[in-house]
Amino acid sequence: MQSPPVLNSVTTVTCPPLLCDYVIGTSNSSSQDDILAESSRVSFQDVLESMVDYRVSVAAWRYCPPVILTLGTVGNVMTLWVLGEPPGRTSSMPLYFTALALSDLTLLYTGLLRNWVKYAFHLDLRDTHPAVCKVHIFLVYVTGVTSAWFLIMMTTQRALSVLWPHKTRPLRSRRTAFVAIGVIVMLSCLLNAHNLYGYDLRYYPDYGRFYCDYLNPDYERFARGPWPWVDMALSSLLPFCLLLAGNSLLMWKVTSSVGDVKKLTSTGQGSREAVSQRRRMSTSLNLTLVILSATFFLLTSPVCLYLILDHYFRFDLMGDGSARHVAATHLGWALTNLLWYTNSAVNFYLYCLTGSRFRAQVWQCLCCVRWSAGEMKKGVGVVRATSVAIAQQPRHSPLSEGSESAFHM
């Protein structure tokens, strides 16, 4: 996500939005000549660095990204490994998992890594080359959108497999998945292509160097005006509404299946064990879907709201533009961004927490690496026994096809 401006009434040097944010965030790397050239700027920076909010924001950018990067790398790589497709597999769901994991990894290693390097080593990668400036911003926005819509496609496929398991089989094929992934990536690239035009390295004599910044004032008005609304709609609000709708349908279908099994039991065609098993499945699935939808919205919406409010209320210009307000702006920007990047690191752990079959697959993969041959056979036997127990569920249930893939992956 693009940084908001950090302006203040004390600084006298003309400072464009992206440049101001950079200067305050990397003042330790400024040359002695630059510092001496503007004594009021040094004074303001000293006051700013004494603010608790500013120190917390800098500490957050320095120490939180390595944790998020580690968790995200391990989680997404494990997802790619666990869902590695054996020869002959026809399911399309692993394709969406693979696309989501790759998109999340790209987002983490472009956006989050850049911010960590900027605050930890006082080097902004965007300022190193014009192409890096353009492509980096482009990739951050593209992957932010694709990750959200890959989640939507996964939810849609689960809903189709439960609601209309036979009629929608062609829509759940691997070929359809390849087409859907390609269309999502292509549309996201076209939608965010304006970033390749609107940013470039610009030279500022007051600072004696080039900075990645808006190309012109007209594009800045677009990037800080209508565009945050479009970005929020496509990467957070609309995906959340679609996820909520799809997950609500799944919750309704699974919950209603409990009543159907009860009716079969009352007529002697089912067992109490089947009712109990379906009720446990319903409760687990409902919890899973609520957690996933809520987590996505809570982690992605704050930064989008921040950018919108920044445009209309100008957080950086509230009050008298004092160091206290600038420090609060930095803290808000750091926290909302870190939440947004965390969304790309937690999917694997949410699947493990709420998906019993996914946990079984993870355990099986770990057993293959850590156990000896004899122990591995025992572990595989346990997993196979679990799979046999699942396969023995009543097949006359409304969820007989697709229920297992609804979320217990």
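Residues numbered from 1 in each chain as written. Predicted model: local features only at pLDDT ≥ 70, side-chain atom pairs only at ≥ 80, totals over all residues. Heavy atoms only, no water.

### Re the overall build of the chain
Consideration 1: Counting secondary structure elements, the chain contains 15 helices and 2 strands.
Consideration 2: Buried positions account for 49% of the 409 residues belonging to the chain.
Consideration 3: Contacts spanning at least 24 positions in sequence make up 77% of the contacts within the chain whose residues lie at least 6 apart. (Helix = DSSP H or I, 4+ residues; strand = E, 2+ residues; numbered from the N terminus. Buried < 20%, exposed > 50% of the residue type's maximum accessible area, 1.4 Å probe, protein only. Contact = heavy atoms within 4.5 Å.)

### Here we look at the state of the cysteines
Consideration 1: Within the structure shown, the criterion is met by 1 disulfide.
Consideration 2: The side chain of Cys-133 participates in a disulfide bridge whose partner is Cys-212; the two sulfur atoms lie 1.9 Å from each other. Torsion about the S-S bond of the Cys-133 and Cys-212 cystine: about 70 degrees, corresponding to right-handed handedness. Residue Cys-133 is located in helix H6 (residues 130-163), and its partner Cys-212 is located in strand S2 (residues 209-214); the two are separated by 79 residues in the primary sequence.
Consideration 3: Residue Cys-133 is classed as buried on the basis of its relative accessible area of 0%. (Disulfide = S-S within 2.5 Å.)

### What about the nonpolar core?
Consideration 1: Grouped together as the largest cluster of nonpolar side chains are 31 residues, with contacts concentrated most on Leu-151, Met-154, Tyr-351, Phe-358 and Val-362.
Consideration 2: Counting residues in each nonpolar core, the second largest holds 27 residues, with Trp-61, Leu-108, Tyr-119 and Ala-323 among its members. (Core = buried A, V, L, I, M, F, W, Y, C linked by side-chain atoms within 4.5 Å.)

### Side note on the environment of Trp-333
Consideration 1: Its place among the elements puts Trp-333 in helix H12 (residues 323-342).
Consideration 2: When the C-alpha positions of Trp-333 and Tyr-306 are compared, they lie 7.5 Å apart, and in sequence the two are 27 residues distant.

### Description of helix H7 (residues 174-191)
Consideration 1: Between its first and last C-alpha atoms H7 spans 26 Å; for 18 residues at 1.5 Å apiece the expected length is 26 Å, and the two agree.
Consideration 2: Along H7, the positions that sit buried rather than exposed are Ala-177, Ala-180, Ile-181, Ile-184 and Ser-188. End-on, the buried residues of H7 take up no more than an arc of 95 degrees, which puts them together on one face. H7 presents Arg-175 and Leu-190 as exposed residues on the side facing more than 90 degrees away from its buried surface.
Consideration 3: Next to the buried residues of H7 lie helix H5 (93-121) and H6. (Expected span 1.5 Å × (residues − 1). Arc of directions from axis to C-beta.)

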